[in-house]
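Read off the chains here:
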Amino acid sequence: MSQYINIANNGTIALQAIPVLKYDDFLELNTGLVRKEVNHCAHYFGFTHNEKLKLICCIANDSNASICVSSSEISARSAQTYPSFTANHLSFHVFERVLHENFGLKFSDHPWLKPVRYPSDRADKNSVIGNYPFYQIESEELHEVGVGPIHAGIIEPGHFRFICNGEQILHLEIQLGYQHRGIEQLFLSKHKLLQRTLLAESIAGDNVAGHTTAFVNLWENLCGYTAPPDLHFSRTIAIELERLAMHTGGLSAICTDIGYQLGSAVFGRLRTPLINFFQEWCGNRLAKGLIRPGYNPFDFTKSLAVRLEELFQEYESDFDQMWKEFHTLPSALARLEKTGVISHDVALSLGAVGISARGTGLMRDIRTTHPHGLYNEFSPISIIKHHGDVYSRTKIRHDEIVQTLYYLRKIIHKIPPEITTRAPLLHPQPETFGISLTEGWRGEICHCAITDEKGELYQYRIKDPSMHNWLTVAMAVRNNEISDFPISNKSFDLSYCGHDL
Amino acid sequence: MIGNIKILIRQGKQYIPDPTKAEVPGVFRGVPEITHDKVDENALIDFCPTGAIRSNPLTLDLGRCAFCGECARAFPNKIKFSKDYRMATNDRKGLIIHEGALKAITPDPALVRKEIAGFFKGSLKLRQVSAGGDNSNELELNACGNVNFDMSRFGIEFVASPRHADGIVITGPITENMSKPLELCYDAIPDPKVIILAGTDAISGGLFDDSPAVNRTFLDRHPVDLYVPGNPIHPLTFINGILDLIKKRA
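Residues numbered from 1 in each chain as written. Chains lettered and ligands numbered in written order. Predicted model: local features only at pLDDT ≥ 70, side-chain atom pairs only at ≥ 80, totals over all residues.

> Tell me about the overall build of chain A, and please be specific about residues and values.
Counting its regular elements, chain A contains 17 helices and 14 strands. Relative to its length of 501 residues, chain A is compact, with a C-alpha radius of gyration of 22 Å against a globular reference of 23 Å. Each principal axis of the C-alpha atoms in chain A carries an extent, and together these give about 70 × 65 × 35 Å. Here the contacts in chain A between residues at least 6 apart in sequence split such that 66% fall between residues at least 24 apart. (Helix = DSSP H or I, 4+ residues; strand = E, 2+ residues; numbered from the N terminus. Rg over C-alpha atoms; globule rule 2.2 N^0.38 Å. Contact = placed C-beta atoms within 7 Å.)

This is the structure in structure tokens:
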């Protein structure tokens, strides 16, 4: 028997079909797989099943578009300690921390076994958010700076604890969990499909199209439903428009953080017509209400395509002019170049995805490596930069904006035929495992679902790209001036609620 | 320098001339109307994902509504969303829509505290706290201050420190893990101070209200001065809501 089963993105398999390995073999298999750069951990999670802790690990192979799924069953609540995946490969650290926090799973050699979200049903009730075990260095030369959980601007909460030598950051530790809403549990306790769709829209409200597409693709596949072309068409346009809008907003925020007022104002205002287009299309500036499983509440019409084409025309010339000015301004570039550097090796070992990975030459882009829907047709080319600094991540945003404009112009007029009668969405298949990956503007989103013997949702597991990437922020700012922290942080632009769930 | 000036000239004036009279483009789900059309009420109530629609009498609570618009799709003759974005009020009951003609929602002048009209008429500085918000309301609150909506022209601004603030704008259902930082931030704001709830999650908890990870007791202890519905709020809803609040006093 094979040690794992290969499935494709948006694939489903019988839960029984996932090989169950002994823990030691399970560890060896998965940590062995990620030693190759083409493989990375898409998701690793556990749940109690028949009084055992069932672990499922999904390793995505980025060269042949397959996902290796394997599992193991260990006794929950035992005093036994287990060797950790993390000791072999750091990219598993956050997933094992969740296992430890939620189920009390003990590891013998996990190097960074810190709390993650402080859920209400955590194993250790003595672990409280006000008493996080921060790493400390005893020295008369050093001082600590604590920032948050509430920050100066209108952003989500998280606590940042710096250990500094003068102005220089020696170490940063990021404590999250403040935004924890118990959303994975709510997916199970809310039984209406519309409720679950609205929950998917709220996982990260700045990445609505990415997360909702992952949810609806997963749900439709669990139900054995083949989405007609118009659904994939709308979802792809929504994901790409969201990328355009959020990257434009990201450039504005980067300008804000270096005190470049003109760039901040112009990029900021250029985002407005993009999100207003979402409102013209679906009545909501952030695309809530647009993506639904099995139907399309708001068709993308010919007149919308014409409208979008006009909008791109106006956007592009303004954007180019502003970018050229910003991009040739030595005082702006000086703040971006060689700031917040993360090397390719560190990004690889931490399992970085999305912009954070692509800025270091690490190829992680679901659109090209595990394409779904329309991405199969227009096969995008990933944009890769190599310096791993704020500049690389800024330039990726610019290049992806230019590229997305090109792709969208290619596809928006090829509107699939209108569908008048749709096949109904049936009940999900029983005892099935499904996985769905999408490339949101931040990076890889992964949703996994498992149904019970009646086809009811039994487990729903969400991974926002921020789960992988938060530790890269902490590593990137080492040896930087503390005053460069805001710009470094913004260049990653990670989600708090997507991480805290 | 010349490049900068060229950009400034090309961009020209980007602000919305009068945000109190602006029209929103395309389809927008603002204040809804419930007609007297006869429908299966139980089906309608059961249909709503957030439990915003209740019976006896039939009502729709905008403080619970996720503005998904699905009810208007399924029962198009019964529920109709208008494009009226003015729907912020200081009266929680004012967010509950009854059957009948479309009615505007505005703050009730009689309920506005004296000190609000007295102190904040020309200037209101706010501290924002996201307590489990999904970053959609936060993006829209940021947008209130961009060059298009330019809320600061009315003296309304977000500030970094609670010590400099006249009030607090809460987004999100208020998670257990944020309940204490929220309380500390509120305590740090000098009196008199206002509380504004922005978005469905903040007003009622939305889909999260029964989550064990949520703790809304803060709202049992402190009075709320303005409810701004939306999922997320539209910047025009927020700006008009605050203007109505600080300018109105019977």
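> How would you explain the overall build of chain B if you had to name every residue and give the values?
When its secondary structure is counted, chain B shows nine helices and 10 strands. With respect to the principal axes defined by its C-alpha atoms, chain B has extents near 65 × 45 × 40 Å. For chain B, the proportion of its 250 residues judged to be buried stands at 49%. The long-range fraction of contacts in chain B, counting pairs at least 24 apart against all pairs at least 6 apart in sequence, stands at 79%. (Buried ≥ 20, exposed ≤ 12 C-beta atoms within 10 Å, placed from the backbone.)

> Can you break down the interface of chain A and chain B residue by residue, with the values?
In this complex, chain A contributes 49 residues to the contact, which on the side of chain B involves 51 residues. Contributing elements (two or more residues each) for the side of chain A that touches chain B: helix 4 (193-202), helix 7 (261-282) and helix 8 (302-327) of chain A.

> Describe in detail helix 9 (residues 235-247) of chain B, supporting the description with residues and values.
Residue and element names in this part refer to chain B. Relative to the 18 Å expected for 13 residues at 1.5 Å per residue, helix 9 spans 18 Å between its end C-alpha atoms, a close match to the ideal helical length. Burial analysis of helix 9 places 11 of its 13 residues in the buried class, the great majority of the element. Turning to helix 9, its buried residues are Pro235, Leu236, Thr237, Phe238, Ile239, Asn240, Gly241, Ile242, Asp244, Leu245 and Ile246. (Expected span 1.5 Å × (residues − 1).)

> Please give an account of the packing of helix 5 (residues 208-222) of chain A against helix 6 (residues 229-257) of chain A that cites residues and values.
Two quantities define a packed helix pair, namely the angle between the helix axes and the distance between the axes. All names here are of chain A. The interhelical angle for the contact between helix 5 and helix 6, taken along N-to-C directions, is 150°, at an axis separation of 8 Å. Between helix 5 and helix 6, the angle is such that the two are roughly antiparallel. With respect to the hand of their crossing, helix 5 and helix 6 are arranged in left-handed fashion. Of the residues in helix 6, those in contact with Val208, Ala209, Gly210 and Thr213 of helix 5 are Arg235, Ala238, Ile239 and Glu242. A breakdown of the residues in the contact of helix 5 with helix 6 according to their chemical character gives four nonpolar, two polar and two charged. (Axes fitted to C-alpha atoms, helices over the stretch in contact; angles between N-to-C directions. Parallel < 35°, antiparallel > 145°, perpendicular 65-115°, else oblique. Left-handed = near helix turned anticlockwise from the far one by under 90°. Nonpolar A, V, L, I, M, F, W, Y, C, P; charged D, E, K, R; others polar.)

> Could you give an account of the sheet that holds strand 9 (residues 143-147) of chain A, with specific residues and numbers?
All names here are of chain A. Across the sheet, which stays open at both edges, the three strands sit in the order 9-10-11 with antiparallel pairing between neighbours. Here the strands that pair on one side only, and so sit at the sheet edges, are strand 9 and strand 11 (168-175). On average, each strand axis in the sheet is tilted by 20° relative to the strand beside it, whichever way the strands run. (Pairing = 2+ DSSP bridges.)

> So what about helix 2 (residues 93-103) of chain A? Which residues, and what values?
All names here are of chain A. The element helix 2 is extensively covered by neighbouring structure, given that nine of its 11 residues are classed as buried. Residues His93, Val94, Phe95, Glu96, Arg97, Val98, Leu99, His100 and Glu101 constitute the buried set of helix 2. Residues of helix 2 that are buried in the fold lie against strand 4 (39-49), strand 8 (106-107) and helix 15 (465-476).

> Which residues make up unusual backbone geometry, and what values go with them?
A cis geometry characterises the amide bond from Asn56 of chain B onward to Pro57 of chain B, with omega recorded as -10°. Tracing the backbone through its elements, the reader meets Pro57 of chain B in the loop between strand 2 (53-54) and strand 3 (59-61). Cis geometry marks the peptide bond from Asp191 of chain B to Pro192 of chain B, where omega comes out at -10°. With respect to the element layout, Pro192 of chain B can be found in the loop between helix 6 (176-188) and strand 9 (194-198). Even without glycine at this site, Ala65 of chain A takes up a positive phi of about 55°.

> Residues and numbers for the nonpolar core, please.
Counting 204 residues, the largest nonpolar core has Cys58 and Ile59 of chain A together with Ile168, Ile170, Ala198 and Val228 of chain B as its most contacted members. If sequence neighbours within four positions are ignored, Ile170 of chain B has contacts with Val129, Ala131, Ile195, Leu197, Ala198 and Ala202 of chain B. (Core = buried A, V, L, I, M, F, W, Y, C linked by C-beta atoms within 7 Å.)

> Report on the packing of helix 7 of chain A against helix 8 of chain A, specifying residues and quantitative values.
All names here are of chain A. Where helix 7 meets helix 8, the axes come as close as 10 Å, and the angle between the chain directions of the two elements is 170°. Our classification of the angle between helix 7 and helix 8 gives roughly antiparallel. Where helix 7 abuts helix 8, its residues Gly263, Val266, Phe267, Leu270, Pro273, Phe277, Glu280 and Trp281 lie against Leu304, Arg307, Leu308, Leu311, Tyr315, Asp318, Phe319, Met322 and Phe326. For the contact of helix 7 with helix 8, the residue count by class is 13 nonpolar, one polar and three charged.

> Residue-level account of the sheet that holds strand 12 (residues 432-439) of chain A, with values.
Residue and element names in this part refer to chain A. Pairing within the open sheet is antiparallel, and its four strands lie in the order 2-12-13-14. Strand pairing shows two members of the sheet lacking a second neighbour, strand 2 (12-14) and strand 14 (457-463), which therefore form its edges. Mean inter-strand twist for the sheet, computed between neighbouring axes without regard to direction, equals 15°. Here strand 12 runs beside strand 13 (residues 444-451); their pairing, made up of seven bridges, is antiparallel. Residue pairing in the sheet places Ser436 in a bridge with His447 of strand 13. Here helix 5 sits on the sheet in contact with strand 2, strand 12 and strand 13, set at roughly 150° to strand 12.

> Break down the environment of Met178 of chain B for me, with residues and values.
Summarising the element assignment, Met178 of chain B is placed in helix 6. Of the residues examined, Met178 of chain B has 32 C-beta atoms within 10 Å and is grouped as buried. When the C-alpha positions of Met178 of chain B and Gly30 of chain B are compared, they lie 30 Å apart, and in sequence the two are 148 residues distant. Those residues within four positions of Met178 of chain B in sequence are excluded, and the remaining contacts are Pro157 and Tyr178 of chain A together with Ala131 and Gly132 of chain B.

> Pulling in residues and values, what's your account of the confidence of the model for chain B?
Predicted confidence across chain B gives a mean pLDDT of 91, with 99% of residues reaching 70 or more. Across the predicted assembly, pTM comes out at 0.94 and ipTM at 0.93. (pLDDT = per-residue confidence, 0-100.)

> Summarise the pairing of strand 12 of chain A; cite the residues concerned and give the values.
Residue and element names in this part refer to chain A. Of all the eight residues making up strand 12, eight are buried; the element is thus mostly covered by neighbouring parts of the structure. Neither face of strand 12 is exposed, since Thr432, Gly434, Ser436 and Thr438 on one face and Phe433, Ile435, Leu437 and Glu439 on the opposite face are all buried. Direction of pairing for strand 2 relative to strand 12: antiparallel, over a ladder of three bridges. Its bridge partner being in strand 12, Ile13 is matched across the sheet by Phe433. Between strand 12 and the antiparallel strand that follows it, strand 13, lie four residues; Gly443 among them carries a positive phi value of about 155°.

> Describe the environment of Thr394 of chain A, naming the residues involved and giving the relevant values.
All names here are of chain A. Position of Thr394 relative to the elements: it lies in helix 14 (residues 390-411). A C-alpha to C-alpha distance of 13 Å links Thr394 and Gly263, two positions 131 residues apart in sequence. Setting aside residues no more than four positions away along its own chain, Thr394 makes contact with Leu251, Ile254, Leu336 and Ser491.

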